[in-house]
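Observations on the three-dimensional arrangement
Listed below, chain by chain, are the residues.
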Amino acid sequence: MFEKDLSNNLYKLWNRLSSGSYQAPPVKRVEIPKGDGGTRSLGIPTVADRVAQMVVKQRLEPQLDPLFHEDSYGYRPGRSAHNALAVARRRCWKYAWVLDLDIKGFFDNINHELLMRAVRRHTDCSWVALYVERWLTAPVSLSDGALLERDKGTPQGGVISPLLANLFLHYVFDEWMRRNYTGVPFERYADDVICHCRSLQQAEGLKAALESRMAECGLQLHPVKTKVVFCRTENRKADYDICQFDFLGYTFCSRVVKSRAGALFVGFSPTISIRAAKAIRQTVRRWRLHCWHTIKLDEVAREINPVIQGWMNYYGLFHRWSLRNVFDTLNQYLVRWLRRKYKWLKEKVGRAREMLVKIRRQHPELFAHWNLARNGGQ
């Protein structure tokens with residue numbers, strides 16, 4: 001609808017923004033399921049409001065990004081989750097203890113006064129500060145049409161929210177760590193944080209100090225999800241129960257790895273998490289590929305390959321071979337597709353599997369995940 005009269009709509013938006021009369025409309029609340037069974041609230045702005053937020057983000061980000069910590073990776077130009085994961089992996093081999101931080105309801109509890117103080121400190125554009133404040137206080141539209149006023153938080157789903165979240169945690173966490181715990185490196189991706197410590201005592205002391213720091217800024221560490229983890233390897237022994245953690249869709253834990261010289265040893269390394277693997281399998285089931293038997297197999301491949309390749313690109317950074325088990329579900333559905341496509345295979349599961357293997361050998365590039373078998377353990 002916005003695009004049908006794009007020029008006029010953009011002109012009206014520019015006119016209101018430049019005159020200071022633009023008022024942020026309510027954001028629509030949408031609940032999406034989380035891996036732990038709960039839900040996460042997203043605040044979805046209107047199309048016009050997203051354009052307006054992008055205008056301010058493009059003005060503000062070049063001023064803020066150079067200030068941010070080198071180990072802040074989330075939603076920043078030229079940085080990615082893979083960068084954070086690679087650094088975390090190296091540091092887990094160097095440091096025996098990890099403090100895995102989880103900030104409870106972070107986006108919903110950002111203190112507006114503290115955030116606006118930080119925004120005004122780094123911009124002399126009064127209109128930027130004006131509109132940021134209006135977006136922070138914009139009401140939430142509930143499913144029944146009611147409007148909920150907000151006095152804290154910035155909605156997940158807003159274009160400018162990640163930048164504002166990074167600015168807030170830059171002062172609440174990054175700069176505080178630089179001043180008080182210079183010997184404790186960390187990786188932060190938005191509100192997902194991993195801190196590396198040299199001893200259990202240092203990790204527990206940091207946890208207690210961070211609980212106080214978060215409380216000062218209106219935040220709270222999750223009492224269950226925040227935990228101290230021992231990075232157990234072949235050369236590290238400790239009587240400690242918690243020996244793994246999840247970070248950005250990967251599980252870091254003890255596993256057999258190969259050295260550059262080819263020798264096997266027990267290291268502490270990441271691979272796709274159980275939760276991420278479960279989410280992939282659930283998505284594959286929702287596709288119901290066996291019901292696509294009215295189209296050709298290469299059409300099925302063209303439809304789903306972009307998604308499969310995306311999963312492989314992200315979760316195949318370390319221990320790529322572990323994705324084979326994840327995609328077993330997909331291969332099972334392809335067997336069911338063959339049985340629905342060819343009636344003579346309906347009651348012959350073994351023959352259908354043999355046919356899929358034959359197709360795979362003849363056309364190894366047909367489905368993106370079939371490359372895993374040829375790439376060995378990479």
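Notes on the structure in this doc start here.

The rules we used
Along each chain, residue indices are assigned from 1 in the same order as the chain's sequence is written. It should be noted that, the model being predicted, local features are given only for residues of pLDDT at least 70 and side-chain atom pairs only at 80 or more, the latter also being counted only at that level, while totals for whole chains, interfaces and linings use all residues. Side-chain metrics rest on all non-hydrogen atoms present in the structure, leaving aside hydrogens and water. Every helix listed is a DSSP run of H or I at least four residues long, and every strand listed is a run of E at least two residues long, numbered separately from the N terminus. The length a helix should cover is 1.5 Å for every residue beyond the first. The cut-offs for exposure are 20% and 50% of the maximum accessible area for each residue type, with area from a 1.4 Å probe on protein chains only; residues under the lower value are buried, those over the upper are exposed, and the others partly exposed. Comment: arc refers to directions from the helix axis out to C-beta atoms. We define the nonpolar core as a collection of buried residues of types Ala, Val, Leu, Ile, Met, Phe, Trp, Tyr and Cys that are connected through side-chain atoms lying within 4.5 Å of one another. Here, two residues are considered to be in contact whenever any of their heavy atoms come within 4.5 Å of each other. Only strands that DSSP links by at least two bridges are regarded as paired with each other. In this description, a line fitted to the C-alpha atoms serves as the axis of each element, helices being fitted only across the stretch in contact, and the angle between N-to-C directions of two axes falls anywhere from 0 to 180 degrees. Roughly parallel covers angles under 35 degrees, roughly antiparallel covers those over 145, roughly perpendicular covers 65 to 115, and oblique covers all other angles. Each crossing gets its hand from how the near helix is turned against the far one by less than a right angle, where anticlockwise is left-handed and clockwise is right-handed. Note on residue classes: Ala, Val, Leu, Ile, Met, Phe, Trp, Tyr, Cys and Pro are nonpolar, Asp, Glu, Lys and Arg are charged, and everything else, Gly too, is polar. Every patch collects residues that have over 30% relative accessible area and no salt bridge, joining them within 9 Å if they carry like charges and within 5 Å if they are nonpolar side chains (Val, Leu, Ile, Met, Phe, Trp, Tyr). Here the accessible surface of atoms and residues is derived via Shrake-Rupley with a 1.4 Å probe, and residues count as covered only by protein chains that are part of the display. Whenever a carboxyl oxygen of Asp or Glu lies within 4 Å of a side-chain nitrogen of Lys or Arg, that contact is scored as a salt bridge.

The first and last C-alpha atoms of helix 12 (residues 349–362) sit 20 Å apart over 14 residues, in line with the 20 Å expected at 1.5 Å per residue. Of the residues making up helix 12, those classed as buried are Ala352, Leu356 and Ile359. Axial view of helix 12: buried residues confined to an arc of 65°, hence all on one face. Relative to its buried face, helix 12 has exposed residues pointing more than 90 degrees away, namely Arg353, Glu354, Lys358, Arg361 and Gln362.

Within the largest apolar cluster, 56 residues are counted, with the highest numbers of intra-cluster contacts made by Phe106, Val132, Phe173, Cys195, Leu206 and Leu210. Ranked by residues supplied to this core, first place goes to helix 6 (residues 161–180) with ten residues. Cys195 has contacts with Trp97, Val98, Leu99, Leu101, Phe173, Met177, Val184, Pro185, Phe186 and Leu206, leaving out every residue within four places of it along the chain.

With that out of the way, let us pick up the pairing of strand 3 (residues 97–102). The two faces of a sheet get side chains in turn, since along a regular strand they alternate between them. Counting buried residues in strand 3 gives five out of six residues, a clear majority hidden from the surface. Pairing of strand 3 with strand 7 (residues 192–197), which is carried by six bridges, proceeds in the antiparallel orientation. Following the sheet pairing, Leu99 is matched in strand 7 by Cys195. Sheet topology note: the strand 3/strand 8 (residues 227–230) ladder contains four bridges and is antiparallel. Looking at the pairing, Leu99 lines up with Val228 of strand 8.

Time to look at the sheet that holds strand 9 (residues 245–247). Across the sheet, which stays open at both edges, the three strands sit in the order 9-10-11 with antiparallel pairing between neighbours. Here the strands that pair on one side only, and so sit at the sheet edges, are strand 9 and strand 11 (264–272). Each adjacent strand pair in this sheet contributes to an overall mean axis angle of 50°, direction not counted. Pairing geometry for strand 9 and strand 10 (residues 250–258), over three bridges, is antiparallel. Across the sheet, Phe247 pairs through a bridge with Tyr250, a residue of strand 10.

A separate point is the sheet that holds strand 5 (residues 147–148). Taken together, four strands build an open sheet; the order of strands is 2-1-4-5 and the sheet is mixed. A strand with exactly one partner marks an edge of an open sheet, and here the two such strands are strand 2 (39–44) and strand 5. Examined bridge by bridge, strand 1 (residues 27–33) and strand 4 (residues 140–141) share two bridges and lie parallel to one another. Its bridge partner lying in strand 4, Lys28 is registered against Ser141.

Our focus in this paragraph is the environment of Ala96. Note on placement: Ala96 falls in the loop between helix 3 (81–94) and strand 3. Each C-alpha atom, one on Ala96 and one on Phe268, is 9.7 Å from the other, the two residues being 172 residues apart in sequence. Every residue in contact with Ala96, bar those within four places of it in the chain, is listed here: Cys197, Val229, Phe230, Cys231 and Arg236.

Packing of helix 9 (residues 297–315) against helix 11 (residues 328–341) leaves a shortest axis separation of 13 Å and a crossing angle of 165°. Compared by their axis directions, helix 9 and helix 11 come out roughly antiparallel. Viewed along their axes, helix 9 and helix 11 form a crossing whose handedness is right-handed. In this structure, helix 9 contributes Leu297, Val300, Ile304 and Ile308 to the contact, and helix 11 contributes Leu330, Leu334 and Trp337. Its residues placed into classes, the contact of helix 9 with helix 11 shows seven nonpolar, no polar and no charged.

An α-helix turns once per 3.6 residues; consequently, residues spaced three or four apart project the same way. Compared with an ideal rise of 1.5 Å per residue, which puts twelve residues at 16 Å, helix 5 (residues 126–137) spans 17 Å between its outermost C-alpha atoms and is within 8% of the ideal. Those residues of helix 5 lying buried are Val128, Ala129, Tyr131, Val132, Trp135 and Leu136. The secondary structure elements touched by the buried residues of helix 5 are helix 1 (6–19), helix 2 (47–64), helix 4 (112–121) and helix 6.

Residues Val256, Leu264 and Val266 make up a contiguous nonpolar surface patch of roughly 270 Å² in combined accessible area. By the secondary structure assignment, Val266 is in strand 11. We classify Val266 as partly exposed; its relative accessible area is 31%.

Within strand 7, five of the six residues are buried, which leaves the element mostly enclosed by the surrounding structure. In the sheet, strand 6 (residues 186–189) pairs with strand 7 via four bridges, with the strands oriented antiparallel. Looking across to strand 7, one finds that Phe186 is bridged to Cys195.

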